[in-house]
Amino acid sequence: MSRFIDLTLNGVTSGMIYASVALALVLIWRATRIVNFAQGAMLMITTFIASSVIAASGSYILGFAAALAAGLVLGAALERLLVRPVEGGPPINAVIVTLGLLIFLQAVAGMIWGNTPRSFPAALSIQGFRIGGRHVLFSPFDLFTVGSVLVMSLALGLLFTRTGMGLRMRAAAFEPEVARLLGVRVGRMLTWGWALAAVAGSLAGLLVAPVVFVGPNTFDAELVFGFTAAVLGGLDSAIGAVVGGLILGVALSYVSGYESPALVTLAALVILVVVLMVRPSGLFTHAKARRV
Amino acid sequence: MLDLSDVVVAYGAVRALDGISLTVPAGSITAVLGANGAGKSSLLRAISGLVAPRAGSIVLNGRKITGMASEEIVRLGVSHVPEGRGIITELTVEENLRLGALWRRDRRDATLALEQSYELFPRLHERRRRAASTLSGGERQMLSIGRALMARPKLLLLDEPSLGLAPLITSQIMAVIADLRERSAVTVLLVEQNANSALAIADRGVVLNLGRVVAADDPRTLAADDQLRHAYLGL
């Protein structure tokens, strides 16, 4: 029983990290119908920036803030410089651009920071809480992980449903032409979409880095897990991304704990294939025919 | 109010507008008639900036708007109600309406405009929290017009408001348009295939065929011209 509780708690924590990556993918998918394969590399860059800032200043908070700010700028800049020229073209062009960007960013990171993964600090203790005379598999840092992803999801939710900016962004994503007729500067909304998505990705990088370390390729699996979570929830749904992340996190934790950690990536791919076969629109998107 | 001279719009090799010149006087209702493919929708799309003309100029109140972006043209007082109504079905009725005035600085007047849209179409008020996808065809048209009015337009472009609506609803919509012009002095450019209902409220009628203006006259003269009606309006 205690093993079950440990594995569940552990799954919730990693699930929140997958949820954060999934949110980044969903935000971009909703706005531009592009799966951003460079997301893993983008959060790798911002985590490296955090690592450098922490090393130079000795302040975790400063590094944390720097990574989120760098995400905002990086996301906006990439949309403006690389994605804008291929928007409106065949979707495959944009996909190739994000794949190229992935390779480019990994190479650049290797040149600047080297290819040997380095350790990354956790915000709080990673020793599990003591409950009933034993340490459970849930630490103050895990609590911080769950809390910060929840706060970010809630903030994004409020932004989208309660503000004029969010309404504009949704309109621009659903019906760009109609949105323009109503005075929405659609291009600017897409830039914001990429910027916010990159912030969500940066957060995931900061939270997972103490476990996977920071190196040009250490975050590759996060993109796979994040993508699986996003597809599980339905690529169009932000709530689906969070729930999909949680389900995936817990499921993979059971696989890892009861079977073998070696099977985790395989299990994620099995889940991905099964979802695509059984319910390709995901759990939270009700696929509907669009009349045009 | 609006002057078009020799406007050419082409999609690839196909010329949708083949040198259109047209003047829309302030405060008038001008009906644009013609068969499918005559260039009616392209005319509105060129004015609102959704397509850039290949040649010619479009002047709004002395200001050249040719080639300007749609999101800027709406700020100059041009609201376009697109064909098929263009409501955003994923949003609620009220979100659709609010979207029409989000760009405006005068937030107080935006709130007032929302109330006025609800007064004009009480049905929308009843359904304000519902997803726009649940509305009927007539309600969608009301939403689309109500939303365009949120911008307090000086020029209202209406693309086939009667399309797919029952005759009773069509005449209600036409009455609303005529009433709007009386009360708010808005200028209306009304594109219709339904010539009778459009000419009934218009001050002027323009007939398009294959991207050219073939007739521009008083609505009664147009309606009485048998040859024209048979040739271009299918009546």
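What this report covers is the structure whose coordinates are included nearby. No experiment lies behind these values; they were computed from the predicted model shown.

**Brief notes about the packing of helix H5 (residues 140–162) of chain A against helix H8 (residues 186–212) of chain A**
Residue and element names in this part refer to chain A.
Here is step 1: With their axes 10 Å apart at the nearest point, H5 and H8 run at an angle of 175° to one another. Here H8 runs roughly antiparallel to H5, going by the angle between their axes. Across the interface between the two elements, Phe141, Phe144, Thr145, Ser148, Val149, Met152, Leu156 and Leu159 of H5 pack against Leu196, Ala200, Leu203, Leu206, Leu207 and Pro210 of H8.
Here is step 2: Tallied by class, residues from the contact of H5 with H8 come to twelve nonpolar, two polar and no charged.

**Things to note about a nonpolar patch on the surface**
Here is step 1: Where nonpolar side chains cluster on the molecular surface, the patch consists of Leu263, Leu266, Val270, Val273, Val274, Met277 and Val278 of chain A and spans about 660 Å² of accessible area.
Here is step 2: With respect to the helices, strands and loops of the structure, Val270 of chain A is situated in helix H11 (residues 264–278).

**Focus on the environment of Asn115 of chain A**
Here is step 1: Secondary-structure assignment places Asn115 of chain A in the loop between helix H4 (91–113) and strand S1 (130–131).
Here is step 2: On the accessibility criterion, Asn115 of chain A (59% relative accessible area) is exposed.

**A look at the pattern of salt bridges**
All names here are of chain B.
Here is step 1: Applying the stated criterion to the full structure yields 19 salt bridges over all chains.
Here is step 2: Among the salt bridges present, the one from Asp109 reaches Arg104, with a minimum N-O distance of 2.4 Å. Each member of the pair, Asp109 as well as Arg104, is classed as buried.
Here is step 3: Put simply, Glu182 and Arg181 hold a salt bridge, and the shortest N to O gap is 3.6 Å.
Here is step 4: Given a relative accessible area of 14%, Arg181 falls into the buried group.
Here is step 5: Among the charged side chains, a salt-bridge network with shared partners connects Arg123, Glu126, Arg127 and Glu139.

**Considering the sheet that holds strand S2 (residues 14–24) of chain B**
Residues and elements named next belong to chain B.
Here is step 1: Ordered by their spatial adjacency, four strands build an open sheet running S2-S1-S4-S5, and the pairing between neighbours is antiparallel. Looking at strand neighbours, the two that pair on one side only are S2 and strand S5 (63–64), the edges of this open sheet.
Here is step 2: The pairing of strand S1 (residues 2–11) with S2 spans eight bridges and is antiparallel. Along S2, the bridge assignment pairs Val9 with Leu17.

**Thoughts on the interface of chain A and chain B**
Here is step 1: Taken together, the contacts link 19 residues of chain A with 25 residues of chain B.
Here is step 2: Of the roughly 2100 Å² buried at the junction of chain A and chain B (both faces included), carbon and sulfur atoms supply 58%.
Here is step 3: The interface formed by chain A and chain B holds four salt bridges in total.
Here is step 4: Along the contact surface separating chain A from chain B lie six residue pairs in polar contact (both at pLDDT 80 or more).
Here is step 5: Of all elements in the fold, only helix H6 (164–174) and helix H7 (176–181) of chain A reach the threshold of two or more residues within the side of chain A that touches chain B.

Cut-offs used in this document
- Residues numbered from 1 in each chain as written.
- Chains lettered and ligands numbered in written order.
- Predicted model: local features only at pLDDT ≥ 70, side-chain atom pairs only at ≥ 80, totals over all residues.
- Heavy atoms only, no water.
- Axes fitted to C-alpha atoms, helices over the stretch in contact; angles between N-to-C directions.
- Helix = DSSP H or I, 4+ residues; strand = E, 2+ residues; numbered from the N terminus.
- Parallel < 35°, antiparallel > 145°, perpendicular 65-115°, else oblique.
- Contact = heavy atoms within 4.5 Å.
- Nonpolar A, V, L, I, M, F, W, Y, C, P; charged D, E, K, R; others polar.
- Patch = residues over 30% accessible without salt bridge, like charges linked within 9 Å, V, L, I, M, F, W, Y side chains within 5 Å.
- Areas by Shrake-Rupley, 256 points an atom, 1.4 Å probe, with all protein chains shown as cover.
- Salt bridge = Lys/Arg side-chain N within 4 Å of Asp/Glu carboxyl O.
- Buried < 20%, exposed > 50% of the residue type's maximum accessible area, 1.4 Å probe, protein only.
- Pairing = 2+ DSSP bridges.
- Buried area = accessible area lost by both parts, 1.4 Å probe.
- Polar contact = N/O pair within 3.5 Å; in protein donor to acceptor, adjacent residues only side chain to side chain.

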